[in-house]
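Per-entry structural report
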Amino acid sequence: FPWAPERTKLYSELAAAYLKHFTYRAKGGAKKPPGAKTLEGYEKDIGFFVKVMGDANIGSIDREVTGEYFNILRRLPANISRKAEYRDKTIPELLALNAPPQSEYNASKKLERPSGMFRWALDEKRKWGIDANPFEGFGQSGDNATARRPFTTDELKALLTHPDFIKRKFKKSYSFWLIPLAIFTGARLGELCQLDLKDFVEVEGIQCIDINDI
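In this text, all values refer to a predicted model and were calculated from it rather than measured experimentally.

1. Points about unusual backbone geometry
Between Phe1 and the following residue, Pro2, the backbone shows a cis peptide bond with an omega angle of 0 degrees. If you trace the backbone, Pro2 turns up in the segment before helix H1 (11–21). A positive phi is found at Asp88, a non-glycine position, where the angle reads about 70 degrees. As for its position among the elements, Asp88 is in the loop between helix H3 (63–75) and helix H4 (91–96). The exposed category is assigned to Asp88, whose relative accessible area is 77%. Unusually for a residue other than glycine, Arg168 sits at a positive phi of about 55 degrees. With a relative accessible area of 47%, Arg168 lands in the partly exposed category.

2. Things to note about the packing of aromatic side chains
For the coordinates displayed, the defined rule picks out 14 aromatic pairs. With a centroid separation of 4.9 Å and an interplanar angle of 55 degrees, the aromatic rings of Phe22 and Tyr42 are classed as tilted. In this pair, Phe22 sits in the loop between H1 and helix H2 (36–53) while Tyr42 sits in helix H2, placing the two residues 20 residues apart along the sequence. Neither residue differs from the other here; Phe22 and Tyr42 are each classed as buried. Among the aromatic side chains, those forming a connected cluster through ring pairs are Tyr11, Phe49, Tyr69, Phe118 and Phe135. For the cation-ring pair, Arg7 lies above Trp3, with the distance from its terminal atom to the ring centre recorded as 4.8 Å. Above the ring of Phe176, the side-chain terminus of Arg168 is found at 3.9 Å from the ring centroid.

3. Description of the pattern of salt bridges
This model, assessed by the stated rule, comprises 8 salt bridges. For the salt bridge of Glu112 with Lys109, the shortest nitrogen-to-oxygen distance reads 3.3 Å. On the accessibility criterion, Glu112 (45% relative accessible area) is partly exposed. Residue classification places Lys109 among the partly exposed positions, given a relative accessible area of 35%. Among the ionic pairs, Arg119 bridges to Glu136, the shortest N-O distance being 3.9 Å. A residue pair is termed long-range when its members are at least 10 positions apart, and Arg119 in helix H6 (residues 112–122) and Glu136 in the loop between helix H7 (125–128) and helix H8 (153–160) qualify at 17 residues. When its relative accessible area of 42% is taken as the criterion, Glu136 is described as partly exposed. Salt bridges sharing partners connect three or more residues here, namely Arg82, Asp196, Lys198 and Asp199.

Reading the values: rules and limits
- Residues numbered from 1 in each chain as written.
- Predicted model: local features only at pLDDT ≥ 70, side-chain atom pairs only at ≥ 80, totals over all residues.
- Heavy atoms only, no water.
- Helix = DSSP H or I, 4+ residues; strand = E, 2+ residues; numbered from the N terminus.
- Buried < 20%, exposed > 50% of the residue type's maximum accessible area, 1.4 Å probe, protein only.
- Phe/Tyr/Trp six-rings, centres within 6.5 Å; stacked < 30°, edge-to-face > 60°.
- Lys NZ or Arg CZ within 6 Å of the ring centre and 35° of its normal.
- Salt bridge = Lys/Arg side-chain N within 4 Å of Asp/Glu carboxyl O.

Now the structure itself:
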């Protein structure tokens, strides 16, 4: 143990089992099953690995493979399924465009759900024949993060009481909401600017903002 890579299941088979396990959660239980929108996000983030790297035996997916995958994600532009100029293009075609890449933070986020899937598989590692999570440890490091201080109370008061803000003097009327949304959510400007009305959703009775690149 672990098993030889060729004896382990395909990534797509693990993904199918992982996504199916969410249906085992009783609706009245302490941990409820995810809503349809959330589950769609799991399917997208987990399935994107196959689109980029192809299907493979999970035992053959090591840190070198996930590192290569992460580096490709860091080179891809943001919103590839949302923008018409990117839609329906293959991964090599998207890379060949040399378009401005998505942020490293967004690339890192796309590894969280595949990593969660492998953590789940390790709970029954004898069933899946693996003893490590190849996605563990990838993502944005603190060393690369830009240090920023929070606004002071006086700065926030000056911003929110400014005549232009009170009178909503913005080039676009919806721009007014960027500041309140940023304050209440802590989301990044790029994440807020790409929101559509359909991204304001209710999940399990809770009003949510679905930040995604769909």
